Each structure stands twice: as C-alpha cells, then as structure tokens.
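Structure assessment
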Amino acid sequence: MDKSFQEERFTGITTFTPPLYKQRYQFIKDLVGKYKPKKVADLGCADCTLLQMLKFCSCIEVLAGLDICASVMKDKMHRLSPLPGDYLQPAERSLTITLHHGSVAHKDPCMLGFDLVTCIELIEHLEQSELKKFPEVVFGFMAPSIVVISTPNSEFNPLLPGVTLFRHPDHKFEWNRAQFQSWALEAARRYDYSVEFTGVGHPPTGIENVGFCTQIGVFLRKYPQASEPVQSEKPTEAVYKTVFKAVYPSLKDEKYLQNAVVSEVIFTAQIIKQSLLDHLMSENEGYNHASAERKSKFRPSMNCFSEDLGKLIVEKSIEPFVNGNVVYIPLKTVFSFPKVNRLCGTFEKLYKLIAGKVTLSSDGSALMFNIEHE
C-alpha cells in the first residue's frame, strides 16, 4: 500500500480507546494479577499514576518509584498518601510507598530485592551513555524476577498525524520492532532472562503488519538469584535521594490491630446486648430494671443470629445474661463471631488485645455493660 495513501486514509487515528497510557498501565496491572509480586518498582515513574493504580493491588506490600525529575513526582506524590479511610479500616497487608530522585544509570541498594520492575516509556528518553548502563543496572544489579519494558514502535508513526520524527521532543530515539527485539534479546541473553514480545495499541484493520503502537518486552529471570551481589560490587552508600515515603496503617501492626479488635469486639457485644434486652422486653413488657435482682438467662433465637452461630452459642452454654443493672457477654460468645475470630486467630490473643481497653468481669471471662439508664 502506498505510504501517502496510508497517511491520507488514517489521518483520523489520533486516539485509542481506552487511551494508550491506560492500556499500558492495565497491561502492568494484569501482569501483577498473574504473578502476584510483593515488591514492585517503577523506573521513570513521572507523575506516579501507575504507582497510584498499583497501590490497590492487595498482593503488593512495597512500591517504589524512581525518576530523574523530582518536581514532577513532588507535584503528584500526595496521591500516594494514606486516606482517612485507610486509618479507619486498616488493610490486612502492610504497604510502604517510597519515591526516589535519581538516574536509572546509577546503582543504589534501595532498589535491591524487587520482584517486578517496570520501565514504561522510559528507555527512549535515555542518552546513549545512560542506555548503555541501563541493562547492567536493571538486569545485572537489581535482578528482579520480572522486568517489563515498553517503548514506541516507530513503524506505527506514519499512522499518527503530526508525528514527523519522534512522538515526543525529549525522545532520543524510537526503535522499530527489529531494533527493539535485537536489543532486548541481547540483554536477556547476557543476564539469563527469557523475553516475550507483545504490545498495546492495535493497528487499524488491514495494516496489522505495522505492529502495536507501543511495543512491550516481558523479561523473566531464568534462574533464582544464587546469592546477594558480592560486597565489593555493592554500592556502600545511597546515590538516590528519597523525596517521599508513606507507611500505610496495617493490621500487621499491633497498634492498628488492637484498635480494630477493640472496635469490633465492642460493636459485636453491643449487638448481642441489644438482642438480649429486646428479647427480655418482649417476654415481659413490665420488666423493671430497678427491681430486677434475678439472673435472667438468654438463649438466642435464630432471628437474633445466624443459625450456625446460634447453635454454637447454645451448644457451648456461653449465653449472655443480665444480673441487676449489668449485662454480661461472655468473651467466647464474641469470639465465635467470624470477623472477631478472623482478626484475632486465637482466644488468647483476643484477651491480650482487649485487656485494659474494655470492662471485663472479675474473672475476665465476660464483657460488662451497665444498663441502668437504658
């Protein structure tokens, strides 16, 4: 097909649905869903959009971003901070997000130990000297299990109106598929990785031969890393500058776990207490708190709890009861509720976490609520 005819016919191809950058980020998100990495680093993170997207992936516990332009990161890094809801309902996993200012041509020990490293539309911005050092830094020094590199496919450029030489004024080069694959295969061979080629941004029907608009290489390390880099090769001091760090509240932190357990125990106990009082009131509408000296036991009906929980409480004879103006709710009753059970794991841990935070009976077996004014 004549090139001038191609350009005339496809002049309207200026956008993708979804936008191309979203397709690249979705590609990474899908990869995270497949491999479940715990530690992910984004080199050339720019405005932190990918990091903001990845922080919601429950498998990730450590996120790091690196960029040569500190101002771009600082302008958007607030999006990576915990929200009020993160403190009200801490996640079960831990999450730390850190942003570093520096060059991918330099080695820094803070970038060791990552499972996945992403380089989205990065390499085409590197000077020749930086590009030469890049494979040794990423594949040799950092040596993650997975590396994803995306870069423009220059063969697609004639279909993009307004593009004369490069797609962006800061690009130092743009490779065709053969050039990218040659570079990637050599890097993979040298550092014991395999590489698969794919992309995002499908070409128009009829000219599929130009390939994807964005070409992607997915590198998988062939063998587990035998050992840590020898001390002589390890940088003795950091060369990157940390510009942001956020540690999210997590139930793995005893402080947040205790707050969550105490809140859930009180919430659960209040439900049980109210169910008990409603039951007693329905049995005896003339009930008077001031004159009630007897001990009133309560076997919960199936309407009060789920069938399984109701049976559990009755069978174990751990019923809540009223004595005078005090409602006693056995800890074992509270522990039988799924969320409390899941948070604590063991009855002993439940007791340890709530001791001193709630009012317990003298033998420590039940929560106490004064209902004199109820």
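Basis of the calculations
Residues numbered from 1 in each chain as written. Predicted model: local features only at pLDDT ≥ 70, side-chain atom pairs only at ≥ 80, totals over all residues. Heavy atoms only, no water. Phe/Tyr/Trp six-rings, centres within 6.5 Å; stacked < 30°, edge-to-face > 60°. Buried < 20%, exposed > 50% of the residue type's maximum accessible area, 1.4 Å probe, protein only. Helix = DSSP H or I, 4+ residues; strand = E, 2+ residues; numbered from the N terminus. Salt bridge = Lys/Arg side-chain N within 4 Å of Asp/Glu carboxyl O. Polar contact = N/O pair within 3.5 Å; in protein donor to acceptor, adjacent residues only side chain to side chain. Contact = heavy atoms within 4.5 Å.

Turning our attention to the packing of aromatic side chains. Per the counting criterion, the structure on display carries 14 aromatic pairs. Taking 4.6 Å as the distance between ring centres and 35° as the angle between the ring planes, the aromatic pair formed by phenylalanine 173 and tryptophan 175 counts as tilted. Both residues of the pair, phenylalanine 173 and tryptophan 175, belong to the buried class. On the basis of an interplanar angle of 85° and a centroid distance of 5.8 Å, the ring pair of phenylalanine 335 and phenylalanine 347 is categorised as edge-to-face. A residue pair is termed long-range when its members are at least 10 positions apart, and phenylalanine 335 in helix α10 (residues 331-335) and phenylalanine 347 in helix α12 (residues 347-354) qualify at 12 residues. Residue phenylalanine 335 is classed as buried on the basis of its relative accessible area of 14%. For phenylalanine 347, a relative accessible area of 25% translates into the label partly exposed. Three or more aromatic residues joined by ring pairs form one cluster here, namely Phe134, Phe173, Trp175, Phe180, Trp183 and Phe197.

A word on the pattern of salt bridges. Using the criterion set out here, one finds nine salt bridges in the structure. Residue lysine 252 pairs with glutamate 61 through a salt bridge whose shortest N-O separation is 3.3 Å. Of the two residues, lysine 252 is situated in the loop between β8 (241-247) and α8 (254-283) and glutamate 61 in the loop between α3 (49-54) and β2 (62-67); the sequence distance between them amounts to 191 residues. With a closest N to O distance of 3.1 Å, lysine 172 and aspartate 170 form a salt bridge. Overall, the relative accessible area of 31% leaves lysine 172 in the partly exposed class. Using a relative accessible area of 34% as the deciding quantity, one classes aspartate 170 as partly exposed. Salt bridges sharing common partners tie together Glu186, Arg189 and Arg190.

We now examine the side chain of aspartate 67. Position of aspartate 67 relative to the elements: it lies in strand β2. From its side chain, aspartate 67 meets the backbone nitrogen of alanine 46 in a polar contact 2.8 Å long. Setting aside anything within four residues of it in sequence, one finds aspartate 67 in contact with Gly44, Cys45, Ala46, Met73, His100, His101 and Gly102.

Time to look at unusual backbone geometry. A cis amide bond links threonine 17 to the next residue, proline 18, at an omega of -5°. Here proline 18 shows up in the loop between α1 (3-9) and α2 (20-35). Its identity is not glycine, yet alanine 46 carries a phi of approximately 50°, on the positive side. Mapped onto the secondary structure, alanine 46 falls in the loop between β1 (39-43) and α3.

Without other data, these values stay purely geometric and don't point to any function.
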